[in-house]
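# Structural characterization, general
Residues per chain are reported as follows:
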Amino acid sequence: MAYFDGIKVMLEEKEYPTHWYNIQADMKTLPPPPISPATGKPAQPEELARIFPAALLAQEMSRERWIAIPDPIREMYRRWRPSPLYRARRLEAELNTPAEIWYKYEGVSPGGSHKLNTAIVQAYYNQQAGIKNLVTETGAGQWGTALAIAAAFFGMRCTVYMVKISYQQKPYRRLLMESYGASVFASPTDRTQAGRQILAQHPDSTGSLGIAISEAVEEAMERDDTNYALGSVLNHVLLHQTVIGLEAKQQLAAVDRYPDVVLASCGGGSNFGGIAFPFVQDLLSGQARPKVMAIEPEACPTLTQGTFAYDFGDTVGMTPIIQMYTLGHDFVPASIHAGGLRYHGDSPLVSRLYHDRIIDARAYRQSQVFEAALTFAKSEGILPAPESAHAIRGAIDEAIAARESGERRVILFNLSGHGHFDLTAYDDYLNGRVVDVPFSSEWTAESLRALPQVES
Ligand SMILES: *Cc1c(COP(=O)(O)O)cnc(C)c1O
């Protein structure tokens, strides 16, 4: 049986998830298939097979509800899974709320965030397919770190295009990836055509996730022994992350709880989908009615201010065109500290659920987020990643609302990672250098004009 020591809930081995949950089995409206940028028609499996292994493509399109977690992956998950589910008793006391606040802590993974949950799976299927080198992009560095660890586990090489501004501002993240054996380049580089094209137009470009994706995809297209790995957005990535929500559901059930509110920060949607989808399943089947909310930064408010449209996943326009909420593929957000939440688009699955009003979203300014982060750190002892702190802000506001209405609600959020590599951001906040810039639709006026035309 699972056990609860008053602070955290842990599961017994026989309760560990054996399958991931595929929400595509239960959604009434599914996202349309990706469109090839070359033909303007649905992308052919052969096009995608140049950069992804067949097993991951099969998962990407699968409608099967439960997909078995391969044994070697279950074994690796044990290094840090099940992750603990904490009751935030000290935070509850600090807020003087009748609400219960529970959080799943993904910072216990060797990479310090939830991203290793999918990185090892992607490395595994690629290794099985005979791939020798994985190439990817990274913004803040968490995804690059996770893939570097996963590649090391499976004896593969790993190449990371790191957004130039992060490369310059976060030398320790780069060194961490290099310590695991990865090669890291500041994007835009002159190694790829995409990078050279950007540099010709903007020699001083500090890069963006969209540009780094273009570079990584180009390298993967050109080499047979090399595949591309994406840390979020795609269906198979969200699938792998559902291990978080499946564990959380079991852990809460062990203490006879079910959440009234489920929250997670949302960049590309993998950490949100990971914790939320097993609960959205209950919403879709009518079994329960939790409020499920994605939290994003006001500086990059993809769901709350973006447009539901077809767009490229990258800046240069090399990736398939997908239907999602987007701020436009050449949107470059103001430099906020939550680097992992700066993507212009969002997962098609999360986008569809939001469009159909099954889930909710909210945006916060940076100062609100850092204030919540420090309240949390002082009461619970964990310094959160700035990305994760968005969910904390949402949870605190829900707990305050419960205090005002005298309601006893159960709040669950995902603490996606720790902030030990984000101390520069805390330095800025503590010294008054975090400036809030309220969203203006002028920011996206131009980028939204550049959306690709797709006949649907
Ligand atoms: C990457 C990241 C996120 C956001 O990513 P998603 O694509 O939305 O999953 C949130 N928290 C941490 C700690 C991250 O590393």
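Here we summarise the structure given alongside this text.

Conventions and cut-offs
Residues numbered from 1 in each chain as written. Predicted model: local features only at pLDDT ≥ 70, side-chain atom pairs only at ≥ 80, totals over all residues. Heavy atoms only, no water. Core = buried A, V, L, I, M, F, W, Y, C linked by side-chain atoms within 4.5 Å. Buried < 20%, exposed > 50% of the residue type's maximum accessible area, 1.4 Å probe, protein only. Helix = DSSP H or I, 4+ residues; strand = E, 2+ residues; numbered from the N terminus. Near = heavy atom within 4 Å. Polar contact = N/O pair within 3.5 Å; in protein donor to acceptor, adjacent residues only side chain to side chain. Areas by Shrake-Rupley, 256 points an atom, 1.4 Å probe, with all protein chains shown as cover. Nonpolar A, V, L, I, M, F, W, Y, C, P; charged D, E, K, R; others polar. Phe/Tyr/Trp six-rings, centres within 6.5 Å; stacked < 30°, edge-to-face > 60°. Lys NZ or Arg CZ within 6 Å of the ring centre and 35° of its normal. Axes fitted to C-alpha atoms, helices over the stretch in contact; angles between N-to-C directions. Contact = heavy atoms within 4.5 Å. Salt bridge = Lys/Arg side-chain N within 4 Å of Asp/Glu carboxyl O.

With that out of the way, let us pick up the nonpolar core. Core analysis: the largest hydrophobic core is formed by 70 residues, its most contacted members being W20 and I120. The dominant element in this core, judged by the number of residues it contributes, is helix α12 (residues 270–285), at eight residues. With 35 residues, the next largest nonpolar core counts L263, A389, I392 and V434 among its residues.

The local shell around the ligand holds 19 residues, among which K115, S232, G267, S270 and S416 are the closest. A distance of 2.5 Å separates an oxygen atom of the ligand from a polar atom in the side chain of K115. Between the ligand and the protein, one listed contact pairs an oxygen atom with a backbone N or O atom of G268 at 2.9 Å. Here the ligand, which alone exposes 380 Å², has 98% of that area covered by the protein. Along the lines of polarity and charge, the residues of the shell around the ligand split into three nonpolar, 14 polar and two charged.

Under the defined criterion, the tally for this structure stands at 17 aromatic pairs. Taken together, a centroid distance of 6.1 Å and an interplanar angle of 80° make the contact between Y77 and W80 edge-to-face. W80 shares its class with Y77; the two are buried. Ring pairs connect the aromatic residues Y86, Y103, F376 and F413, which therefore count as one cluster. Sitting over the face of the ring of F185, R191 holds its NZ or CZ atom 3.9 Å from the ring centroid. For the cation-ring pair, K249 lies above F279, with the distance from its terminal atom to the ring centre recorded as 5.8 Å.

When two helices pack together, their arrangement is given by the angle between the helix axes and the distance between those axes. Interaxial distance between helix α9 (residues 193–201) and helix α10 (residues 209–222) falls to 7 Å at its minimum, and their mutual angle equals 145°. Contact residues: α9 offers Q193, A194, G195 and I198, while α10 offers I211, S214, E215 and E218. Its residues placed into classes, the contact of α9 with α10 shows three nonpolar, three polar and two charged.

Attention now moves to the pattern of salt bridges. For the coordinates displayed, the defined rule picks out 26 salt bridges. For R365, the salt bridge goes to D436, with nearest N and O atoms at 3.7 Å. With a gap of 71 residues between them, R365 in the loop between β15 (360–364) and α15 (366–380) and D436 in the loop between α17 (423–430) and α18 (442–449) connect regions that are remote in the sequence. Residue R365 is classed as partly exposed on the basis of its relative accessible area, which comes to 34%. R393 serves as the salt-bridge partner of D397, at 2.8 Å between the closest nitrogen and oxygen. Taken as a pair, D397 and R393 lie in helix α16 (residues 386–405) at a separation of four residues, close to a single helical turn. Of the residues examined, D397 reaches a relative accessible area of 24% and is grouped as partly exposed. The class for R393 is buried, based on a relative accessible area of 10%.

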